[in-house]
Amino acid sequence: MTYSICTLSGDGIGPEVIESAKRVIEAVGRKYGHEFIIKDAPIGGFAIDNFGDPLPEETIKAAKSSGAVLLGAVGGYKWDNAPKRPEAALLGIRKELKLYANLRPAKIYPALKNRSVLKNEIVENGIDFVTVRELTGGIYFGERGFRDNKTFGREAYDTECYSELEIERVSRIAYELAQKRNHHITLVDKANVLTSSKLWRKIVTDINEDYPDVIVDMMYVDNAAMQMVLNPSHFDVILTSNMFGDILSDLSAALVGSIGVMPSASLGDTTLGMYEAIHGSAPDIAGLNIADPVGTILSAAMMLRLSFDLSDEAADIEKAVEAAINEGYMTQDLGGIYSTSQVTDKIISLINP
Ligand code: NAD
Ligand code: IPM
Ligand code: MN
């Protein structure tokens, strides 16, 4: 079979981790006799510098005509004051591809238990949950701007707005995921203050009827942040809004050892998904061949499973990553001594002995 992948390498460590993932995908292709056609398209600061636009029309076309998209990272100090920042491209491509649900699994490998920021006795109870983050709505996309305030002068505003449809479709993804896992959703919101959170509670409760085998509990986001640290084994599927999901998923990275190992899948109504590690462009370590490639490699595994229905191939990658970690092949964020390319070589050798 032939599969087409659009990579968006982007900025900072993006090109380094995409190169690693690409080599891993090609190794899987050799093992199983698949042909992966992998083409990169410009995005982010790189696209600003070369095409004057962080998300060129050609890039949107390339992404839409591929089977799946694998993203590196965007952003960097250089473009922090650009009229259109690199980050706008990321929001733009998510919106263009209608990828409204972002799955961010946080699972600790036994070999990384002592890398967690948590005490051993808490880690021992297990850390294995998925944050389902709404990705194309909320305050990221709400009305915003500047206006005059008669008393205080100019003011800036952003709005959190959620429609019933936006809440329902991402909630159904969370329910379906919970049915494949431990049948437990925690809706994380701020319903003690926000009107939009009240609508989330109503819709999630209403459609629970369609998933009677799933237990739902609801938690305010401030408490949820604390419970993730004190009692992470409580969580199976966390369902939450765009901004809360962004924040809580970085927190979950500290629980599992490093942000470098956390993958994600952004999904919509078709098999065309976008896959990306949850970390950013890490400008502080870019170009040094020390970035952890595991988050992007595991994102590639999610891509094979969810967009191409290649479960065995995905499992091979996941097993190879864990085996490499078990053998101590880790980058410095995990306390290891190996480079990005050495860790990648090791993973490839475990896939294709
Ligand atoms: P960041 O995730 O890039 O980095 C935070 C810290 O984690 C840094 O110390 C970095 O060195 C470390 N880190 C991140 N990924 C790592 C990896 N794979 N291996 C080892 N260490 C890693 O977050 P930031 O510093 O807040 O943001 C930097 C830039 O990235 C900003 O421009 C931001 O907007 C952008 N960003 C992009 C994405 C994305 O493209 N998906 C996500 C988050 C942030
Ligand atoms: C992420 C990132 C992005 C987000 C930024 C870079 C726009 O932090 O994917 O987690 O907030 O969605
Ligand atoms: Mn983030």
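Use the structure listed above.
No experiment lies behind these values; they were computed from the predicted model shown. Sequence order as written defines the numbering, with residues in each chain counted from 1. Labels are handed out in written order, letters beginning with A for the chains and numbers beginning with 1 for the ligands. Reporting of local features is limited, given that this is a predicted model, to residues whose pLDDT is at least 70; pairs of side-chain atoms are given and counted only at 80 or more, and all residues count toward the totals for whole chains, interfaces and linings. Only hydrogens and water are set aside when side-chain values are computed; all heavy atoms of the structure are taken into account.

Each helix is a run of H or I in the DSSP string that is no shorter than four residues. Each strand is a run of E no shorter than two, and both are numbered from the N terminus. Within the protein chain, the regular secondary structure consists of 12 helices and 12 strands. Across its three principal directions, the C-alpha atoms of the protein chain cover 65 × 50 × 40 Å. Taking all 353 residues of the protein chain together, 53% fall into the buried category. Contacts are residue-level and defined by heavy atoms, with any inter-residue pair within 4.5 Å sufficient. Across the protein chain, the fraction of contacts at a sequence separation of at least 24, relative to all contacts at a separation of at least 6, is 75%. For accessible areas, the Shrake-Rupley method is used with a probe of radius 1.4 Å. Any residue's cover is judged against the shown protein chains and nothing else. Counting every atom, the protein chain has about 15,600 Å² of accessible surface; 53% of that belongs to carbon and sulfur. A positive count includes Lys and Arg, and a negative count includes Asp and Glu. His and the chain ends are not counted in either. Working definition for charges: the position is that of NZ of Lys, CZ of Arg, CG of Asp or CD of Glu. Across the protein chain, 34 positive and 49 negative side-chain charges occur, with their mean positions spaced 2 Å apart. For every residue, the accessible area (1.4 Å probe, protein chains only) is compared with the maximum for its type, and the residue is labelled buried under 20%, exposed over 50%, or partly exposed between those bounds.

With that settled, consider the site of ligand 1. Proximity criterion: a residue is near a molecule or strand once any of its heavy atoms comes within 4 Å of it. Around ligand 1 there are 21 residues in total, and Val 74, Glu 87, Gly 280, Ala 282 and Asp 292 lie nearest to it. Each polar contact in these results corresponds to two N or O atoms within 3.5 Å; when the atoms are within protein, one needs to be able to donate a hydrogen and the other to accept it, and residues that are neighboring in sequence are counted only if both atoms are side-chain atoms. Glu 87 places a polar side-chain atom, nitrogen or oxygen, 2.4 Å from an oxygen atom of ligand 1. A distance of 3.4 Å is found between a nitrogen atom of ligand 1 and a side-chain nitrogen or oxygen belonging to His 279. Summarising the interface, the protein chains cover 69% of the accessible area of ligand 1, which totals 800 Å² for the free molecule. Residues are sorted three ways: Asp, Glu, Lys and Arg are charged, Ala, Val, Leu, Ile, Met, Phe, Trp, Tyr, Cys and Pro are nonpolar, and all the rest, Gly among them, are polar. Here the shell around ligand 1 is composed, by residue class, of 10 nonpolar, six polar and five charged.

If you check the shell around ligand 2, you find Glu 87, Leu 90, Arg 94, Arg 104, Arg 133, Tyr 140, Asp 246 and Ile 278 and nothing else. The side chain of Arg 94 places a nitrogen or oxygen atom 2.7 Å from an oxygen atom of ligand 2. Contact between ligand 2 and Arg 104: an oxygen atom at 3.0 Å from a side-chain N or O atom of the residue. Here ligand 2 has 320 Å² of accessible area as a free molecule, and 78% of this is covered by the chains. Sorting elements by how many residues they give to the shell around ligand 2 places helix H4 (residues 86-96) first, with three residues. A per-class count over the shell around ligand 2 returns three nonpolar, no polar and five charged.

Any Lys or Arg side-chain nitrogen found within 4 Å of a carboxyl oxygen on Asp or Glu counts as a salt bridge. Scanning the entire structure with this criterion turns up 22 salt bridges. A salt bridge links Glu 96 to Lys 64; the nearest nitrogen and oxygen atoms lie 2.8 Å apart. With a gap of 32 residues between them, Glu 96 in helix H4 and Lys 64 in helix H3 (residues 57-64) connect regions that are remote in the sequence. Assessed through its relative accessible area of 34%, Glu 96 is described here as partly exposed. Put simply, Lys 113 and Glu 124 hold a salt bridge, and the shortest N to O gap is 3.6 Å.

Turning our attention to the sheet that holds strand E4 (residues 101-107). Two strands pair under a simple rule: DSSP has to find at least two bridges between them. What the 10 strands build is an open sheet, ordered E2-E1-E3-E12-E11-E4-E5-E10-E8-E9; its pairing is mixed. Of all strands in the sheet, those with a lone pairing partner are strand E2 (35-40) and strand E9 (215-220), marking the two edges. Sheet twist, expressed as the average angle between the axes of neighbouring strands with direction ignored, equals 25°. Pairing between strand E1 (residues 2-10) and strand E3 (residues 68-73): five bridges, direction parallel. Each bridged residue has a counterpart across the sheet, and for Gly 10 the counterpart in E3 is Ala 73. Simply put, an axis is a line fit to the C-alpha atoms, just over the touching stretch for a helix, and the angle between two N-to-C directions goes from 0 to 180 degrees.

For helix H8 (residues 221-230), the set of buried residues is Val 221, Ala 224, Gln 227 and Met 228. Along the axis of H8, the buried residues cluster in a sector spanning 110°; they form a single face. Packed against the buried residues of H8 are strand E5 (128-134), strand E8 (184-189), E9, strand E10 (237-240) and helix H9 (242-256). Note that the arc is defined by the directions from the helix axis to the C-beta atoms.

The next subject is the packing of helix H10 (residues 294-306) against helix H11 (residues 311-326). Interhelical geometry of H10 versus H11 gives an angle of 160° and a closest axis separation of 7 Å. Taken together, the axis directions place H10 and H11 in an arrangement best described as roughly antiparallel. Both H10 and H11 take part in a crossing whose hand is left-handed. When H10 is examined against H11, the residues Val 294, Ile 297, Leu 298, Ala 301, Leu 304 and Arg 305 are found in contact with a partner set consisting of Ser 311, Glu 313, Ala 314, Ala 315, Ile 317, Glu 318 and Val 321. A breakdown of the residues in the contact of H10 with H11 according to their chemical character gives nine nonpolar, one polar and three charged. What sets the label is the angle itself: under 35 degrees gives roughly parallel, over 145 gives roughly antiparallel, 65 to 115 gives roughly perpendicular, and the rest give oblique. A clockwise turn of the near helix away from the far one marks a right-handed crossing, whereas an anticlockwise turn of less than a right angle marks a left-handed crossing.

Within the fold, Tyr 329 resides in the loop between H11 and helix H12 (340-351). Each C-alpha atom, one on Tyr 329 and one on Ser 339, is 9.0 Å from the other, the two residues being 10 residues apart in sequence. Apart from residues lying up to four places away in sequence, Tyr 329 is in contact with Ala 324, Tyr 338, Gln 342, Val 343 and Lys 346.

What follows covers the side chain of Ser 171. For Ser 171, the location among the structural elements is in helix H6 (residues 164-180). Excluding residues that lie within four positions of it along the chain, Ser 171 makes contacts with Trp 200, Val 204, Ile 207 and Leu 239.

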